[in-house]
Amino acid sequence: MHTPQEEAHRRDEADPGHRHLFHVPPADGGEHPESAYLAGNSLGLQPRATRDELLADLDAWGRLGVEGHLEAERAWLPYHELLTGPAARLVGARPTEAVVMNSLTVNLHLLMVSFYRPAGARTRIVIEDAAFPSDSYAVRSQARFHGLDPDDAVVRLRPRAGEDALRTEDVTDYLAAEGDRVALLLLGGVNYLTGELLDIPAITAAGRAAGAVVGWDLAHAVGNVPLALHDWDVDFAAWCSYKYLNSGPGALAGVFVHERHLGDESLPRFEGWWSTAAATRFEMTPVSRPPATVEAWQISNPPIFAMGPVRTSLELFDAVGMTALRARSQRLTGWLESLFDEVTVGRPLRVVTPRDPDRRGCQLSVRIGSGSAAELTKRLRYEHGVIADAREPDVVRFAPVPLYSTYLDCWRAAAALAATVGQVNP
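The model shown is predicted, which means the values in this text are computed figures rather than measured ones.

What counts, and where the lines are drawn
- Residues numbered from 1 in each chain as written.
- Predicted model: local features only at pLDDT ≥ 70, side-chain atom pairs only at ≥ 80, totals over all residues.
- Heavy atoms only, no water.
- Helix = DSSP H or I, 4+ residues; strand = E, 2+ residues; numbered from the N terminus.
- Rg over C-alpha atoms; globule rule 2.2 N^0.38 Å.
- Buried < 20%, exposed > 50% of the residue type's maximum accessible area, 1.4 Å probe, protein only.
- UniProt positions renumbered as here; feature names shortened; annotations may be inferred.
- Contact = heavy atoms within 4.5 Å.
- Polar contact = N/O pair within 3.5 Å; in protein donor to acceptor, adjacent residues only side chain to side chain.
- Salt bridge = Lys/Arg side-chain N within 4 Å of Asp/Glu carboxyl O.
- Core = buried A, V, L, I, M, F, W, Y, C linked by side-chain atoms within 4.5 Å.
- Domains from an automatic or database assignment.
- Buried area = accessible area lost by both parts, 1.4 Å probe.

(A) Structural context of the overall build of the protein chain. Each helix and strand in the protein chain was counted, giving 13 helices and 13 strands. Relative to a compact globule of 426 residues, whose C-alpha radius of gyration would be 22 Å, the protein chain shows 23 Å and is just as compact. Expressed along its principal axes, the backbone C-alpha trace of the protein chain runs to roughly 75 × 60 × 30 Å. Counting only residues that meet the buried cut, the protein chain has 54% of its 426 residues in that class.

(B) Spotlight on the UniProt feature "binding site: pyridoxal 5'-phosphate" (unreviewed entry) in the protein chain. Cross-referencing UniProt, the feature "binding site: pyridoxal 5'-phosphate" (unreviewed entry) maps to L104, T105, F132, P133, S134, D135, D217, H220, Y242, W273 and N301 in the present numbering. On the basis of their most widely separated C-alpha atoms, the annotated residues across 198 residues do not gather in one place, lying as much as 31.1 Å apart. Beyond its immediate stretch of four places on either side in the chain, T105 contacts S134 and A138. Summarising the element assignment, S134 is placed in helix 6 (residues 133-145).

(C) Just the environment of H109, in detail. Take H109: it is sitting in helix 5 (residues 104-115). Overall, H109 belongs to the partly exposed group, its relative accessible area being 25%. Put simply, H109 and D135 are 26 residues apart on the chain and 9.7 Å apart in space, counted from C-alpha to C-alpha. Here the side chain of H109 touches Q142 through a polar contact of 2.9 Å, side chain to side chain.

(D) Spotlight on the pattern of salt bridges. Scanning the entire structure with this criterion turns up 35 salt bridges. Between D318 and R89 there is a salt bridge, with its nearest N and O atoms 2.6 Å apart. With D318 in helix 10 (residues 304-320) and R89 in helix 4 (residues 81-91), this pair connects stretches of sequence that are 229 residues apart. By relative accessible area, which is 36% here, D318 ends up partly exposed. For R89, a relative accessible area of 54% corresponds to the exposed category. Between E259 and R94 there is a salt bridge, and its shortest N-O distance comes to 2.8 Å. With a gap of 165 residues between them, E259 in the loop between strand 8 (254-257) and helix 10 and R94 in the loop between helix 4 and strand 2 (98-100) connect regions that are remote in the sequence. Classification of R94 by relative accessible area gives partly exposed; the value is 40%.

(E) Fine view of the nonpolar core. In this structure, V171, L185, W216, L218, L227 and L403 are the most contacted members of the largest nonpolar core, which totals 65 residues. If you tally residues by element for this core, the top one is helix 10, at seven residues. Split by domain, the residues of this core number at least three in each of domain 1 (4-47 + 321-420) and domain 2 (78-319). Apart from the residues lying within four places of it in its own chain, the contact partners of L218 are G189, I200, L227, L229, A237, A238 and W239. Within the second largest apolar cluster, 31 residues are counted, among which are M101, M112, I127 and F236.

(F) Main features of the domain arrangement of the protein chain. Entries for the protein chain in the domain assignment read domain 1 (4-47 + 321-420) and domain 2 (78-319). The straight-line distance from the C-alpha centre of domain 1 to that of domain 2 is 29 Å. Taken together, the contact between domain 1 and domain 2 spans 32 residues of the former and 28 residues of the latter. When domain 1 packs against domain 2, the two sides together hide about 2,300 Å² of surface, and 59% of this comes from carbon and sulfur. Ranking the residues of domain 1 by area buried against domain 2 places L43, M322 and R359 at the top, with a combined share of 23%. Note that D164 and R350 form a salt bridge whose closest N and O atoms lie 2.6 Å from each other.

In structure tokens:
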């Protein structure tokens, strides 16, 4: 009979993942040299390849100066195109539908310029009540920009009494009853707080049937769960690259616009140097001639040294594949859940993430009954070498990322939680 730690080692030998491709921070406490890093849903680890590939791009600048736009090994002028194919494959898009640019909330604003067009009674923006705050700020500011009262225009869908996560039918029932007043549905594909994976295709179909535009914030979904945005008929989506995509703090983000909208001259857009067609860009004419691709939503020329880490990461996802990652994710997260089931008994702890593996990504959120989430994560780190993520006041998030997390990490997290949070009635 294996001890839990022995079982963790056995599982890691049988199901090793790709930890060797990443830098893992040293532990600040506990008995292990490396951290049990379970905070990739906040900031992913650095791939070992990133430094050398970024330095190669810097060297091209040093050797070539301005000529690097066309003569660098990875020429700068079309550099963003190196990211298009991998990004499109990762989100289930066609190459004309995906582009890497800007940051997440900037992209959401640029997309809402085109797709939030309140008119008549159809003025509402529907989000989840537990949306990430920046999404809430963004939609409220868009409502104000259109002269609307955000307290009236923004609808926040809440879980049922006594529940922690929205059900799909909570969203679809609202759309069936109130859809004729909804201009834009903008939800998180995976909720940042609970880790719940919403039924993106079902909700998208219900939103479009109600006559609303349907957009998705995929910050916690991309690189975490398989996506098929084109086939699901999503109108638009945006995501960041510094969480599961491991592209570095504040990394460039991504955008999807369904091909039915591409080339639609009736859609308003903000434009700039990179919005016009590449073939005619240097004719220097005063009027933009945007291509019939998502690149028409670009504005400024892309920052090459910020694109490099995103390219390196996307190539890694291309090599490993989301099907394999999703399967390992469910194995890892399922085992962590079984360990937490033992730890939470008799302790003021409750897992609020859905138990159904198909309704979650690689995150388990634990609500603590007393004390501060930040203080608990500090103790986990400095006493046990476990890095988790606090969301005040009372949620600690654990993300066993399939690319680099191990079963030993999961065991260490559960053991540390048990050692740190005492039983109510020992």
